[in-house]
Amino acid sequence: MTVLLGSNITRAATPAAAATQRPSEGSVHSWDLSTGVDGPGTRFVTFLSGCPLTCLYCHNPDTWRMRNGKRTSADDVIAEAGKYTRFIAASGGGATVSGGEPLLQPVFAGELLHRMKHELGLHTALDTSGFLGVRATDALLRDVDLVLLDIKSWDRETYRKVTGRPLAPTLDFAHRLADLGKEVHVRFVLVPGLTDAPENVEGVAAFAASLGNVSRVDVLPFHKLGEAKWQALEMNFTLHDTPSPTPDQVAQARETFAAHGLYAV
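Residues numbered from 1 in each chain as written. Predicted model: local features only at pLDDT ≥ 70, side-chain atom pairs only at ≥ 80, totals over all residues. Heavy atoms only, no water.

Engineer: Please provide a residue-by-residue account of the packing of aromatic side chains, values included.
Structural biologist: All told, the structure shown has 6 aromatic pairs when counted by the stated rule. Where Trp230 meets Phe237, the ring centres are 5.3 Å apart and the plane angle is 65°; that geometry is what we call edge-to-face. Within the aromatic cluster, the residues linked to one another by ring pairs are Trp31, Phe44 and Tyr84. The cationic tip of Arg156 hangs over the ring face of Trp154; the distance from NZ or CZ to the ring centre is 4.6 Å. (Phe/Tyr/Trp six-rings, centres within 6.5 Å; stacked < 30°, edge-to-face > 60°. Lys NZ or Arg CZ within 6 Å of the ring centre and 35° of its normal.)

Rendered as structure tokens:
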């Protein structure tokens, strides 16, 4: 039940402006109620617009640019989420700030997380690639109960091929979260012929296990459900001929994570 919010040109508020402007505003693509894919229980998920990565398998390329979202106040988002708090709480769920990449708008994302947690009393999750982890202040992370961290590859060349960016910032952010004792769910997309090499899966698994704060790993099978969006945006979906992994391939990847003592689903 995604609620799209239009298409206006916008830009993120600067930290200086945000310091004197409450509530803050940001570029929001949509919000949604979801179960099982954006953190535990039923979640109110706010999708912010804008992302510095250009992942080859992205199923929401329409979130890459902030100008494709609608400038929205934190008050509006909190008011919408507030309609569902009893239902969400009864499911053991909460609120997730996702994207795009929410840390492209850290002031706005931080206010949403703070108010979801302290005004609405909801469990909070931040869904991020970690590439912009340096933009997450300690104050922002104090309002986060769970980080959903995408580690898209262990092999550096593959990571850059998949995302167009280097891997190091994500690993640095992962180490910071471990130092803070922040609970993390690692997400890993299994793409045949791209990220499924045994040594690549093993590398992600060993790294995740070394952190000590990863309570779950989601092995996500590659799919092409977003290909129509690429076509609508007149973008070349280079994985058109790539198949989804077989159940056996997914099971094998999960077993690799489990062999490192991680709960993998």
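Read on, since the account is not over.
Engineer: Lay out the packing of helix α2 (residues 74-82) against helix α4 (residues 106-118) with the relevant residues and their values.
Structural biologist: For the pair α2 and α4, interaxial distance at closest approach is 10 Å and the crossing angle is 35°. For α2 against α4, the interelement crossing comes out right-handed. Residues Ala74, Asp75, Val77, Ile78 and Ala81 of α2 touch α4, and the partners they reach there are Phe108, Glu111, Leu112, Arg115 and Met116. Residues that form the contact of α2 with α4 fall into these classes: 7 nonpolar, no polar and 3 charged. (Axes fitted to C-alpha atoms, helices over the stretch in contact; angles between N-to-C directions. Helix = DSSP H or I, 4+ residues; strand = E, 2+ residues; numbered from the N terminus. Left-handed = near helix turned anticlockwise from the far one by under 90°. Contact = heavy atoms within 4.5 Å. Nonpolar A, V, L, I, M, F, W, Y, C, P; charged D, E, K, R; others polar.)

Engineer: Which residues make up α2, and what values go with them?
Structural biologist: For α2, the set of buried residues is Ala74, Val77, Ile78, Glu80 and Ala81. Looking straight down α2, one finds that the buried residues subtend no more than 160° of arc, so they occupy a single side. Where α2 is buried, its residues touch β2 (25-35), β3 (42-48), β4 (70-73), α3 (85-90) and α4. (Buried < 20%, exposed > 50% of the residue type's maximum accessible area, 1.4 Å probe, protein only. Arc of directions from axis to C-beta.)

Engineer: Give me the nonpolar core: which residues, what numbers.
Structural biologist: Residues Phe44, Tyr57, Met116, Leu140, Val214, Val217 and Phe257 are the most contacted members of the largest nonpolar core, which totals 70 residues. Take this core: its biggest share by element is 6 residues, from helix α8 (residues 198-211). Those residues within four positions of Leu140 in sequence are excluded, and the remaining contacts are Leu103, Pro106, Gly110, Leu113 and Leu126. (Core = buried A, V, L, I, M, F, W, Y, C linked by side-chain atoms within 4.5 Å.)

Engineer: Can you tell me about the pattern of salt bridges, naming the residues and giving the values?
Structural biologist: Within the structure shown, the criterion is met by 11 salt bridges. Its salt-bridge partner being Arg115, residue Glu111 comes within 3.2 Å of it at the nearest N-O pair. You can see Glu111 and its partner Arg115 sitting in helix α4, 4 residues apart, about one turn around the helix. Judged on exposure class, the residue Glu111 and its partner Arg115 are both buried. In the salt-bridge network here, residues are joined through shared partners; they are Asp75, Glu111, Arg115 and Glu119. (Salt bridge = Lys/Arg side-chain N within 4 Å of Asp/Glu carboxyl O.)

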